[in-house]
Amino acid sequence: MPKTLFEKVWERHVVFEEPDGPALLYVDLHLVHEVTSAQAFEGLRLAGRDVRRPDLTVATMDHNVPTLPGPITDPMAKAQLDALRANTAEFGVRLHATGSGHEGIVHVIGPELGLTQPGKTIVCGDSHTSTHGAFGALAFGIGTSEVEHVLATQTLYQQRPRTMRLELAGQLPPGLTAKDMILGAIGRVGVDGGVGYVVEYAGDAVRALSMEQRMTICNMSIEWGARAGMIAPDDTTFAYLEGREHAPAGRDWEQAVEDWRTLPSDPDAAYDTVAVIDVGELAPQVTWGTNPGMVVPVTGSVPDPASLDDPDARLAAERALAYMDLRPGQRIEDIRVDRVFIGSCTNSRIEDLRAAAAVVAGRRVDPGVTALVVPGSAQIRRQAEDEGLDRVFLDAGFEWRLAGCSMCLGMNPDILSPGERCASTSNRNFEGRQGRGGRTHLVSPQMAAAAALHGRFVDVRTLDREPVPA
Amino acid sequence: MKPLRSVTGRVAVLDRPDVDTDQIIPKQFLKRIERTGYGQFLFNDWRFDDDGAERPGFELNRPEFRGASILLTGRNFGCGSSREHAAWALQDHGFDVVVAPSFGDIFRTNAGKNGMLAIVLPERDVERLMENVDLDRGSEMTVDLERQVIVGPDGGEIAFAFDAATRHRILNGLDEIALTLEHEDAITAYEASHGLA
């Protein structure tokens, strides 16, 4: 019987499955960070349990860490980081601590260390674990009780989800990125369109993407409610992985690739739902509201809530406009920004930084804008410096920071002040996400860079025709 | 986890779609390393203004909703972040039950792990329950997990579906890890047969 990529990975990991009940799935890789693990380790201690497979568990520090050099000053953040250090030492779990040279955002370092591989089951106490699905892994976020369950048993109960194939068809126009594809898709299907599904992203537009861009797509699966997002592994995947620290080597590598080539969905495999979105007509996307589905092309304007038929959606749009301090009909290109953030597990990889730097090179940040670039990991930071990208950003007036989650969620000193407006390459524009009262507009790295230069949103495709700011 | 069979209590209504976990428990409260004490921070940025005074316009600040143990709300409740602190905060504040047309997957799982009932009803049933809540004097409802029925403010009964394994665990207050460890042989056998021993 033909099978989907998801079904193949799922079936390989079932320890047992009750009829009509949940399956107990084996977990190949458990990623851990400071914010959602302390209570889980404490639970183990109280029950006198061990970590079953410390060798399949990897921890890093990312959410709380300051991105400026120097000691951590927030006592609560420090206590949480200290707890992770003590817990990983006590239970024998590898920790990529701040300053180790391997630290970074958990969803950036997993792939970069070669820990993330096709066919694996990967979990982490973080909703953006869906990122790792870009390699053909089944990867999803879990809560702290589940973190404790995985630590103790290396397994997790899961109800079998429904399957969806989302075909991203056509050819992505120049100047657009995976971020525009996924924002455009979420705008179309809505923020709850994927609830209950594992989504496989397929189609020519997906095949053409680099691994960095595929990670951006899968990263935002959770933003439309999907349990996980997956992309079939191919030569692009293998080329990215080969030679990485934890990737198989030599004869093992050849065997692994041979196995991974069997993972893509069979031609006649059936899905519960199939959808197609043509990306050939997309324009760069900018969110205007307080969830990622509230999005329009940069060439468009803020929608009028009165034009919405659904009363819930109308009310939500009215609230969003009040929070965002925007008017119906306002042109997106007339919206000014105070801050620009280039970073996060969505868009902080080397290719994102190169793309932003290409827009910035030889230009200056608008005097009214404070702009940050926060590489996703210490390794990416070093690589970018080797390529001279740090100079491009610094010369233009950007700040060049240390790796971490930074302003994506403002659990560290990088936050917006009330009322400040930010063009951000992160994944969520929820109220207060980047700081209480802060206003977030989600965009691609290129669009964020362009907004930094002009102090407002501009269409990156026509940047050369924009008047050069003084 | 303490067993829970049935809840009778006051109802609160938060008629908004897509309430994300960043609103349920804002990030500034995620730095604690305890599991308890989050109720005071529930919906912090919606409940309180910058000076810490209650915002009268926020639904859950209505006097009729004080002390509620059942929350009726809109579709896709608990979307976004995986933070289990959202479930901990609702429960610590006094909510044993949340009823909505749909939930964020991770939130729904987190609720179940903590013995809080996240119940899905068709949108029209949720709307009808909301309409039956007396906004001037407050209303009570019963949610019976054993019979899998909700007794609305008007006395009408609505049946609900609930995952059988989670129901069994909550009814009996069972520790899921202990249950899984009863299958340790199967886990060890899996590891042996998959080159993971």
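Our subject is the structure that appears above.
Residues numbered from 1 in each chain as written. Chains lettered and ligands numbered in written order. Predicted model: local features only at pLDDT ≥ 70, side-chain atom pairs only at ≥ 80, totals over all residues.

Caption draft 1: Here's a closer look at the interface of chain A and chain B. Of the residues lining the interface, 50 residues belong to chain A; the matching set on chain B comes to 42 residues. For the side of chain A that touches chain B, the secondary structure elements donating two or more residues are β1 (14-17), β2 (23-26), α2 (38-47), α3 (75-91), α5 (144-153) and α11 (311-324) of chain A. Here the element with the most residues in the side of chain A that touches chain B is α5(A); it accounts for seven residues. Partitioned by chemical class, the residues of the side of chain A that touches chain B number 19 nonpolar, 21 polar and ten charged. (Contact = placed C-beta atoms within 7 Å. Helix = DSSP H or I, 4+ residues; strand = E, 2+ residues; numbered from the N terminus. Nonpolar A, V, L, I, M, F, W, Y, C, P; charged D, E, K, R; others polar.)

Caption draft 2: Looking closely at the packing of helix α12 (residues 350-360) of chain A against helix α14 (residues 389-396) of chain A. Residue and element names in this part refer to chain A. For the pair α12 and α14, the least separation of the axes is 10 Å and the interaxial angle reads 45°. Comparing their axes, α14 and α12 come out oblique. Along this stretch, α12 crosses α14, giving a crossing that reads as left-handed. Contacts from L353, R354, A357 and V360 of α12 reach α14 at L389, V392, F393 and A396. Residue classes in the contact of α12 with α14 are distributed as seven nonpolar, no polar and one charged. (Axes fitted to C-alpha atoms, helices over the stretch in contact; angles between N-to-C directions. Parallel < 35°, antiparallel > 145°, perpendicular 65-115°, else oblique. Left-handed = near helix turned anticlockwise from the far one by under 90°.)

Caption draft 3: Highlighting α2(A). Residue and element names in this part refer to chain A. Along α2, the residues classified as buried are A38, Q39, A40, F41 and G43. Elements in contact with the buried residues of α2: α3 and α5. With its phi angle positive at about 70°, G48 sits one or two positions after the end of α2. (Buried ≥ 20, exposed ≤ 12 C-beta atoms within 10 Å, placed from the backbone.)

Caption draft 4: Summary view of unusual backbone geometry. Phi is positive for S344(A), which is not a glycine, with a value near 90°. With respect to the helices and strands, S344(A) occurs in the loop between β15 (339-342) and α12. The backbone of N76(B) shows a phi angle near 65°, a positive value even though the residue is not glycine. Mapped onto the elements, N76(B) comes out in the loop between β2 (70-73) and α3 (85-93). With 26 C-beta atoms counted inside 10 Å, the residue N76(B) sits in the buried group.

Caption draft 5: Fine view of the packing of α12(A) against helix α15 (residues 445-454) of chain A. All names here are of chain A. Packing of α12 against α15 leaves a shortest axis separation of 8 Å and a crossing angle of 35°. In terms of crossing hand, the pair formed by α12 and α15 is right-handed. Contact residues: D352, A355, A356, V359 and V360 in α12; P445, Q446, A448, A449, A450 and L453 in α15. Of the residues in the contact of α12 with α15, the class split is nine nonpolar, one polar and one charged.

Caption draft 6: How the structure looks around α3(A). All names here are of chain A. Counted at 1.5 Å a residue, the expected span for α3 with its 17 residues is 24 Å, and the 24 Å between its end C-alpha atoms agrees. Among the residues of α3, A77, Q80, L81, L84, N87 and T88 are the ones counted as buried. Viewed end-on, α3 has its buried residues packed into an arc of 125°, placing them on one side of the element. The outward face of α3, more than 90 degrees from its buried face, is lined by the exposed residues P75, A86, A89 and E90. (Expected span 1.5 Å × (residues − 1). Arc of directions from axis to C-beta.)

Caption draft 7: Structural context of the sheet that holds strand β9 (residues 162-169) of chain A. Residue and element names in this part refer to chain A. Strand order across the open sheet formed by four strands is β11-β10-β9-β12, with parallel pairing between neighbours. For this open sheet the edge positions go to β11 (228-230) and β12 (273-278), each flanked by a neighbour on one side alone. Direction aside, neighbouring strands of the sheet carry axes that sit 25° apart on average. With six bridges connecting them, β9 and β12 associate as parallel partners. Bridging across to β12, L168 finds its partner in I277. Across the sheet, helix α1 (residues 5-12) is in contact with β9, β10 (197-202) and β11; its angle to β10 comes to roughly 130°. (Pairing = 2+ DSSP bridges.)

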